[in-house]
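# Architecture and fold: a report
Take a look at the letters that make up each chain.
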Amino acid sequence: MAKLSVNIDHIATIRQARGGAEPDPVAAAALAELAGADGITLHLREDRRHIQDRDVEVLRKTIKTRMNLEMALTDEMVAIALKTLPETVTLVPEGRHELTTEGGLDVILLQSSLKQKIALMKQAGIVVSLFIEPDLEQIKASHKVGADYIEIHTGMYCEAKGTSERNEQLRRIELGMSAARKLGLGINAGHGLDYRNILPVLKLPGIEEYNIGHSIISRASLVGIDRAVRDMLTLIKG
Ligand code: PXP
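Let me sum up the structure you'll find in this document.

Analysis parameters
Residues numbered from 1 in each chain as written. Predicted model: local features only at pLDDT ≥ 70, side-chain atom pairs only at ≥ 80, totals over all residues. Heavy atoms only, no water. Phe/Tyr/Trp six-rings, centres within 6.5 Å; stacked < 30°, edge-to-face > 60°. Lys NZ or Arg CZ within 6 Å of the ring centre and 35° of its normal. Pairing = 2+ DSSP bridges. Helix = DSSP H or I, 4+ residues; strand = E, 2+ residues; numbered from the N terminus. Axes fitted to C-alpha atoms, helices over the stretch in contact; angles between N-to-C directions. Contact = heavy atoms within 4.5 Å. Core = buried A, V, L, I, M, F, W, Y, C linked by side-chain atoms within 4.5 Å. Buried < 20%, exposed > 50% of the residue type's maximum accessible area, 1.4 Å probe, protein only. Polar contact = N/O pair within 3.5 Å; in protein donor to acceptor, adjacent residues only side chain to side chain. Parallel < 35°, antiparallel > 145°, perpendicular 65-115°, else oblique. Left-handed = near helix turned anticlockwise from the far one by under 90°. Nonpolar A, V, L, I, M, F, W, Y, C, P; charged D, E, K, R; others polar. Salt bridge = Lys/Arg side-chain N within 4 Å of Asp/Glu carboxyl O.

### Some words on the packing of aromatic side chains
Under the definition given, this model contains 0 aromatic pairs. Of note, arginine 166 hangs over the ring of tyrosine 157, and the distance from its end group to the ring centre comes to 5.2 Å. Above the plane of the ring of tyrosine 195 lies arginine 219, whose end atom (NZ or CZ) is 3.5 Å from the centre.

Below is the structure:
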């Protein structure tokens, strides 16, 4: 059965809007876990626009499920990962001006740096996942650099206009999954998934974990985290 890791970055975004202490992503993570989340995802960005170093440190002590730390491929972030020891690191591309993570990691371009940094983190017992487009060459390169998992970027599917474009993107994901499976890579998925557009994706067998943030936290702002997480879990697990 597929798992749900709840991304709590947007709780920190609201806190940072006033520069205070509330709402605390640590409390949000605990409530998401109580509602049944299988893991907590957080993205420590280089510019610290939402999640702060303190959040990573405290969450490492309080998360009872699994911590998935999203981060850029930099020496600073690798050092933080080696100190924090999250269960999983998901490497993502990071542009200072983007609103959220846009596009997947270019594994082909970053091969040598990835190989070296992935080996370091794997030696420390961290499972390493690469956030990539469902592109055959990127998938092959992910296997070559030693990744354990890929996280398929579902953004293009979620933004597709009309049924035929959406089906085309879904097919792209399906083909990517089949290639990844043949190479022995684990498969996660995320970005832009909500309570409606996730339904066709759930029919593709083989996705181990969904990383979902914006739609859950948006719903939580109206109905509460417990209900928002449970509603998503009902869709994923039936
Ligand atoms: N997966 C990755 C790698 C991401 O960078 C993000 C966005 O932070 C997500 C999943 C979650 O995307 P969303 O907030 O659109 O659900």
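### So, the sheet that holds strand 7 (residues 186-190)
Spatially, the 8 strands close up into a barrel ordered 1-2-3-4-5-6-7-8, and their pairing is parallel. Each strand axis lies, on average, 25 degrees off the axis of its neighbour in the sheet, ignoring direction. Helix 3 (residues 53-62) rests against strand 2 (39-43) and strand 3 (67-71) of the sheet, and its axis sits at about 160 degrees to strand 3.

### So, the nonpolar core
Grouped together as the largest cluster of nonpolar side chains are 71 residues, with contacts concentrated most on Leu91, Leu130, Tyr210 and Val229. When residues in this core are grouped by element, the largest group, 6 residues, is from helix 11 (residues 225-237). Excluding residues within four positions of it along the chain, leucine 130 makes contact with Leu91, Leu105, Val107, Leu114, Ile118, Ser142, Val145, Ala147, Tyr149, Ile150 and Glu151.

### Side note on the environment of arginine 219
Positionally, arginine 219 belongs in helix 10 (residues 214-223). Residue classification places arginine 219 among the partly exposed residues on the basis of a relative accessible area of 27%. With 12 residues separating them in the primary sequence, arginine 219 and aspartate 231 have C-alpha atoms 9.6 Å apart. Sequence-distant contacts of arginine 219, that is, excluding residues within four places in its chain, are made with Tyr195, Gly224, Ala228 and Asp231. There is a polar contact of 2.8 Å between the side chain of arginine 219 and the side chain of aspartate 231.

### Observations concerning the packing of helix 2 (residues 25-34) against helix 11
The contact between helix 2 and helix 11 brings their axes to 8 Å, and the two run at 45 degrees. Classified by the interaxial angle, the pair formed by helix 2 and helix 11 is oblique. Crossing of helix 2 over helix 11 shows right-handed handedness. Together, Ala28, Leu31, Ala32 and Leu34 of helix 2 and Ile225, Val229 and Arg230 of helix 11 make up the contact between the two elements. Of the residues that constitute the contact of helix 2 with helix 11, the class distribution is 6 nonpolar, no polar and 1 charged.

### As for the pattern of salt bridges
Opposite charge on two side chains permits pairing when their charged atoms draw close. Here the structure, examined in full by the defined rule, presents 17 salt bridges. Among the salt bridges present, the one from glutamate 87 reaches arginine 60, with a minimum N-O distance of 3.3 Å. Residue glutamate 87 is located in the loop between helix 4 (75-84) and strand 4 (88-91), and its partner arginine 60 is located in helix 3; the two are separated by 27 residues in the primary sequence.

### Observations regarding the pairing of strand 1 (residues 3-7)
Of all the 5 residues making up strand 1, 4 are buried; the element is thus mostly covered by neighbouring parts of the structure. Across 4 bridges, strand 1 lies against strand 8 (residues 209-212) in parallel orientation. Within strand 8, the residue paired with leucine 4 across the bridge is tyrosine 210. Summarising the sheet, strand 1 and strand 2 pair through 3 bridges and their orientation is parallel. Note that in strand 2 the partner of serine 5 across the bridge is glycine 39.

### Focus on the side chain of arginine 15
Residue placement: arginine 15 occurs in helix 1 (residues 9-18). Look at arginine 15 and you get buried, because its relative accessible area is 5%. Within the structure, arginine 15 has its side chain in polar contact with the backbone oxygen of histidine 50 (distance 3.3 Å). What arginine 15 contacts, discounting residues up to four positions off in sequence, is Gly20, Ala21, Glu22, Pro23, Asp24, Pro25, His50, Ile51, Gln52, Arg54 and Asp55.

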